[in-house]
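Tertiary structure, described
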Amino acid sequence: MTDEEMQKNMDFIIEQQAQFAANIQIHEERLARIEENMIRHDEKLAKIEDNLDRAIGLVGAIAVAQADTEVKLARTDERLNAFIVTVERYISEGRNGKHGN
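Our subject in this report is the structure included herewith.

Turning to the overall build of the protein, a few remarks are in order. The secondary structure content of the protein amounts to one helix and zero strands. Against the compact-globule benchmark of 13 Å for 101 residues, the protein has a radius of gyration of 42 Å, which places it well outside the compact range. Overall, the protein is about 140 × 20 × 15 Å in size when its C-alpha atoms are taken along their principal axes. With 101 residues in all, the protein has 0% of them scored as buried. Distance from the positive charge centre (13 side chains) to the negative charge centre (20 side chains) of the protein: 21 Å.

Listed below in structure tokens is the structure:
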């Protein structure tokens, strides 16, 4: 192999190494951007999880309040029905002459 051929081979190898180094640099920059994006996505996901946890807690509180409201409404219905029965009996007895003027 001549000196000229050797020089061409060395130049070729050096050029390939330079291209390889440039490609590695490009890939490292892309990887850094991907890592930054993943960090942002992880932060957003953590916020979503926090919001979901809060929402689940609120739904639980609403369910408890709803159950309490239903119990109170049932008691109110019972009292209202008893009152209606009393009023109806009073009116009925009044018309039959038991409580008249």
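Inspection of the entire model under this criterion finds two salt bridges. Salt-bridge contacts for Glu 4 lead to Lys 8; the nearest nitrogen and oxygen are separated by 3.9 Å. With Glu 4 and Lys 8 both in helix H1 (residues 3–95) and four residues apart, this pair spans about one turn of that helix. Of the two residues, Glu 4 and Lys 8, both sit in the exposed class. A salt bridge links Lys 72 to Asp 68, with the nearest nitrogen and oxygen atoms 3.1 Å apart. Of this pair, Lys 72 and Asp 68 are both found in helix H1, four residues apart, which corresponds to roughly one turn of the helix.

Take a nonpolar patch on the surface next. There is a patch of nonpolar side chains on the surface, built from Leu 80, Phe 83, Ile 84, Val 87, Tyr 90 and Ile 91 and spanning about 570 Å² of accessible area. Residue classification places Ile 84 among the partly exposed positions, given a relative accessible area of 35%.

Looking now at the environment of Asp 77. Position of Asp 77 among the secondary structure elements: in helix H1. A residue is classified by how much of its surface remains accessible, and Asp 77, at 39% relative accessible area, is partly exposed. Separated by 42 residues in the primary sequence, Asp 77 and Glu 35 place their C-alpha atoms 61 Å from one another.

The rules behind these values
- Residues numbered from 1 in each chain as written.
- Predicted model: local features only at pLDDT ≥ 70, side-chain atom pairs only at ≥ 80, totals over all residues.
- Heavy atoms only, no water.
- Helix = DSSP H or I, 4+ residues; strand = E, 2+ residues; numbered from the N terminus.
- Rg over C-alpha atoms; globule rule 2.2 N^0.38 Å.
- Buried < 20%, exposed > 50% of the residue type's maximum accessible area, 1.4 Å probe, protein only.
- Lys, Arg positive; Asp, Glu negative; His and termini not counted.
- Charge placed at Lys NZ, Arg CZ, Asp CG, Glu CD.
- Salt bridge = Lys/Arg side-chain N within 4 Å of Asp/Glu carboxyl O.
- Patch = residues over 30% accessible without salt bridge, like charges linked within 9 Å, V, L, I, M, F, W, Y side chains within 5 Å.
- Areas by Shrake-Rupley, 256 points an atom, 1.4 Å probe, with all protein chains shown as cover.

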